[in-house]
Amino acid sequence: MKLSGIYHAYEQPILSGVDLSVAPGECIGIIGPSGSGKSTLLQILGLLKRPNAGSLFFDSVDVFTLDEEARRKLRLNEIGFVFQDAHLVPYLTVREQLELVQGESETEGDAIGLLTDLGLRHRVTELPERLSGGERQRVAVARALINDPQLILADEPTASLDFVNGRLVMERLADAAHNRNKRVLVITHDERMLDVCDRVLRLRDGQLIAI
Ligand SMILES: Nc1ncnc2c1ncn2[C@@H]1O[C@H](COP(=O)(O)OP(=O)(O)OP(=O)(O)O)[C@@H](O)[C@H]1O
Ligand SMILES: [Mg+2]
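Throughout what follows, the structure given in this document is the object of discussion. (Residues numbered from 1 in each chain as written. Chains lettered and ligands numbered in written order. Predicted model: local features only at pLDDT ≥ 70, side-chain atom pairs only at ≥ 80, totals over all residues.)

Here's the deal with the overall build of the chain
Okay, step 1: Scanning the chain for helices and strands turns up six helices and 10 strands.
Okay, step 2: Taking 211 residues into account, the globule formula puts the C-alpha radius of gyration at 17 Å, and the chain, at 17 Å, falls close to it.
Okay, step 3: Projected onto the principal axes, the alpha-carbon positions of the chain cover approximately 45 × 40 × 35 Å.
Okay, step 4: Across the 211 residues that make up the chain, the buried fraction comes to 38%.
Okay, step 5: Within the chain, contacts between residues separated by at least 24 positions form 70% of all contacts whose residues are at least 6 apart in sequence. (Helix = DSSP H or I, 4+ residues; strand = E, 2+ residues; numbered from the N terminus. Rg over C-alpha atoms; globule rule 2.2 N^0.38 Å. Buried ≥ 20, exposed ≤ 12 C-beta atoms within 10 Å, placed from the backbone. Contact = placed C-beta atoms within 7 Å.)

Structural notes on helix H4 (residues 108-117)
Counting along an α-helix, one turn takes 3.6 residues, and residues three or four places apart therefore face a common direction.
Okay, step 1: The set of residues buried in H4 consists of Ala-111, Leu-114 and Leu-115. Viewed along the axis of H4, the buried residues span an arc of 100 degrees, placing them on a single side of the element.
Okay, step 2: Tucked into the core, H4 has its buried residues touching helix H3 (94-99) and helix H5 (133-145).
Okay, step 3: Gly-119 sits one or two residues past H4 and shows a positive phi near 75 degrees. (Arc of directions from axis to C-beta.)

Description of the sheet that holds strand S5 (residues 61-62)
Okay, step 1: Strand order across the open sheet formed by four strands is S2-S1-S4-S5, with antiparallel pairing between neighbours. Of all the strands in the sheet, just strand S2 (13-21) and S5 have a single pairing partner and so form its edges.
Okay, step 2: Pairing geometry for strand S1 (residues 2-9) and S2, over six bridges, is antiparallel. Counted as the bridge partner of Lys-2 is Ser-21 from S2. (Pairing = 2+ DSSP bridges.)

Some words on the site of ligand 1
Okay, step 1: Neighbouring ligand 1 are Tyr-10, Ile-14, Gly-32, Ser-34, Gly-35, Ser-36, Gly-37, Lys-38, Ser-39, Thr-40 and Gln-84.
Okay, step 2: The dominant element in the shell around ligand 1, judged by the number of residues it contributes, is helix H1 (residues 38-45), at three residues.
Okay, step 3: The class makeup of the residues in the shell around ligand 1 is two nonpolar, eight polar and one charged. (Near = placed C-beta within 6 Å. Nonpolar A, V, L, I, M, F, W, Y, C, P; charged D, E, K, R; others polar.)

Purely spatial values, then, with no claim about function.
Below you can see the structure in the form of structure tokens.
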């Protein structure tokens, strides 16, 4: 996956020439001040936002040249996204949040296994309103991983977690890269979580810089 020459502005310019290549098996951490454009960048990578300029290549296809239907398929099958707020569906149980996005090849056992890995085995029949903020966030992580996507994008997945559960989530994300050959990008404010990443990049003044 390769992002090249990305520009994006709202009222102010936010991204001004961002380039990034992510190889299979790589877990990349992204840091940067609040408002620097980290979530905007992740939304562009997740095909949720079209930038003002630039290209995003998946297997040598520029996804911004595809039609909406092809982009939707790519998003559904190849990209797992953990939003900055969990964005769970209020009237679905934990188990059903995963079923909602699950492809036909994944089984109920896969979902339960993943929820167990994330410490949620005893929560599968609960509705989001009965979960803690950290539990909701872990459901959102499970939902991003259930389809076994090639690219996993996580926007502050550890923000509402204590240290132990934060590690659990970061290690599960890094495992997807290191043991399942996925591409993983994680935004975090918590520098203690960055040691599981292979590279850390800082977004600042509209540019991504290796640190
Ligand atoms: N839809 C939008 N319309 C207008 N301005 C926006 C929009 N989304 C974000 N912004 C602005 O763009 C800037 C970058 O926002 P973004 O959410 O990408 O930052 P961030 O680095 O993720 O910040 P944080 O660490 O606080 O989550 C901010 O100044 C924000 O107010
Ligand atoms: Mg953000």
